[in-house]
Amino acid sequence: MSQEQSHGITGAVSVSVPIFMTMVAFSTIALYNVLELNVIIFATFKRRKGLYFWSFIVATWGIAPHTVGFILKFFGITSIWWAPLILISIGWFAMVSGQSLVLYSRLNLVVGNENRLRWVLYMIIFDAIVLGIPIMILAFLTNRPNPHTSIVDAFSIFDKIQVGIFTIQESIISAFYIYETVRLLGPAGEINRNPLRKLLAHLVLVNILVLIFDATLLGTEYSGNYNIQATYKPAIYSIKLKIEFSVLNRLVRIVKKRELAFSNPSHSSNSHPMSAFTNTISFAAHSGSVGDAVKDAGQPRVKVTELVMGPVNWSENTFRGTKTREVRHTERSMSVLESEVQRAKGCQKS
């Protein structure tokens, strides 16, 4: 039996009992996390719409067929060679691209630059098409009866390339998020003074953990253990979804509380729009990006600097500004009146 066959690239695997038990453990973890994530999602989301909600659903549901497909393939449960590949292909697209979209959907919480967000989305779509379609075609050609050696070698090489590129893609998104969050945190000595700053620091640590998971996945791929990598991958993706979901929802709850504070009618009549202030990064917590947890885009915008450093007393500032304008207007009126009186006196003397 060739190395490709023993590692499951071209069919069922032939491995030792410890490797077999490891594969079963990873598959079990992935399927259990899918069940738990579904319970958490539908118990948490009240309004089930928006990019964050649907990307999370797609990424979660993609793990199950991807895992089941490899179980059928590696353990030779079915004699229909193409049936497991259909499940693997559907699950792969949903799991990998969905995971990237989950990362993308929360970037607007710390990034106010629409161009940067747009380029991240373009990268996700481009990689899904350029890398996803070829690897699926090569997988079908490799697993059909009596595949050609050159096809098997091409699949093995391209599979390592696509795993590496997708790891880089998720690393770029996580690193970009870490950079923006650290920039908002400011001096390290002030982190413990605000609960949100602690949460932002937690988000940085979570993204670092995600990068470590991606590095271990890349290591299993380039070590030549295709069977381990194929079962380890959905387990890792399910764990990443769980930790990101927990941290993101904490941030969204804080954003929602701040929005409610700024939506008080007594403050909205004379308050200045937040976009008028410079050198701050603002974001709109809208339903298209965070699903159920945040109000529509028509609600007031909240600056990240406002969230980190604390709210401003808008009513007091507005009151002071209004009084200052009234005093200046009165002074100008008195000046004009005095000028008119002096002119009238001059006319009478002449």
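Residues numbered from 1 in each chain as written. Predicted model: local features only at pLDDT ≥ 70, side-chain atom pairs only at ≥ 80, totals over all residues. Heavy atoms only, no water.

Attention now moves to the packing of helix α2 (residues 17-44) against helix α3 (residues 51-74). Direction vectors running N to C along α2 and α3 enclose 155°, while the axes themselves pass 10 Å from each other. One finds that α2 runs roughly antiparallel with respect to α3. As for the relative orientation of α2 and α3, their crossing is left-handed in sense. On the side of α2, the interface is formed by Met23, Ser27, Ala30, Leu31, Val34, Leu37, Asn38, Ile41 and Phe42, while α3 contributes Phe53, Phe56, Ile57, Thr60, Trp61, Ile63, Ala64, Thr67, Val68, Ile71 and Phe74. Classifying every residue of the contact of α2 with α3 by side-chain character gives 16 nonpolar, 4 polar and no charged. (Axes fitted to C-alpha atoms, helices over the stretch in contact; angles between N-to-C directions. Helix = DSSP H or I, 4+ residues; strand = E, 2+ residues; numbered from the N terminus. Parallel < 35°, antiparallel > 145°, perpendicular 65-115°, else oblique. Left-handed = near helix turned anticlockwise from the far one by under 90°. Contact = heavy atoms within 4.5 Å. Nonpolar A, V, L, I, M, F, W, Y, C, P; charged D, E, K, R; others polar.)

Opposite charge on two side chains allows them to pair when their charged atoms are near. Across all of its chains, the model carries 3 salt bridges by this definition. Measuring nitrogen to oxygen at the nearest pair gives 2.9 Å for the salt bridge that ties glutamate 36 to lysine 242. Separated by 206 residues along the polypeptide, glutamate 36 in helix α2 and lysine 242 in helix α8 (residues 226-262) bring together distant segments of the chain. Linking lysine 240 and glutamate 170 is a salt bridge whose minimum nitrogen-to-oxygen distance equals 2.7 Å. On the criterion of sequence distance, the pair formed by lysine 240 in helix α8 and glutamate 170 in helix α6 (residues 149-185) is long-range, its members being 70 residues apart. Across the pair, exposure class does not vary: lysine 240 and glutamate 170 are buried alike. (Salt bridge = Lys/Arg side-chain N within 4 Å of Asp/Glu carboxyl O. Buried < 20%, exposed > 50% of the residue type's maximum accessible area, 1.4 Å probe, protein only.)

What follows concerns the environment of tyrosine 232. Structurally, tyrosine 232 can be placed in helix α8. Residue class for tyrosine 232 comes out buried when judged on its relative accessible area of 13%. Placed 205 residues apart in sequence, tyrosine 232 and serine 27 show a C-alpha to C-alpha distance of 7.4 Å. With residues near it in sequence (within four places) discarded, tyrosine 232 still touches Phe26, Thr216, Leu217 and Thr220. In terms of polar contacts, tyrosine 232 uses its side chain to reach the side chain of threonine 216, at 2.8 Å. (Polar contact = N/O pair within 3.5 Å; in protein donor to acceptor, adjacent residues only side chain to side chain.)

Of the residues in the chain, 66% reach a pLDDT of 70 or more, and the chain-wide mean stands at 75. Within the chain, the element-level pLDDT minimum falls on strand β1 (residues 282-283), averaging 38, and the maximum on α3, averaging 93. Segment residues 265-320 is flagged for pLDDT under 50; beyond a separation of four residues in sequence, or across chains, it makes 115 contacts in the model. (pLDDT = per-residue confidence, 0-100.)

Time to look at the side chain of threonine 167. By secondary structure assignment, the location of threonine 167 is in helix α6. We classify threonine 167 as buried; its relative accessible area is 9%. Not counting chain neighbours up to four residues away, the residues in contact with threonine 167 comprise Asp214 and Leu218.

Moving on: helix α4 (residues 83-105). Across its 23 residues, α4 extends 33 Å between first and last C-alpha, which sits within 8% of the 33 Å expected from 1.5 Å per residue. Counting buried positions along α4 gives 17 out of 23 residues, so the element sits mostly inside the fold. (Expected span 1.5 Å × (residues − 1).)

With that out of the way, let us pick up the nonpolar core. Ranked by internal contacts, the top residues of the largest apolar core, which has 45 residues, are Tyr52, Phe56, Ile63, Phe74, Phe155 and Leu241. Among the elements of the structure, α2, α3, α4, α5 (114-143), α6, α7 (195-222) and α8 are those that each provide at least two residues to this core. With 10 residues, α8 is the largest single contributor of residues to this core. Not counting the four nearest positions on each side in its chain, isoleucine 63 is found in contact with Ala30, Val34, Met95, Pro234, Tyr237, Ser238 and Leu241. Judged by nonpolar contacts, the second largest core, of 17 residues, contains Ile124, Leu200, Leu203 and Val247. (Core = buried A, V, L, I, M, F, W, Y, C linked by side-chain atoms within 4.5 Å.)

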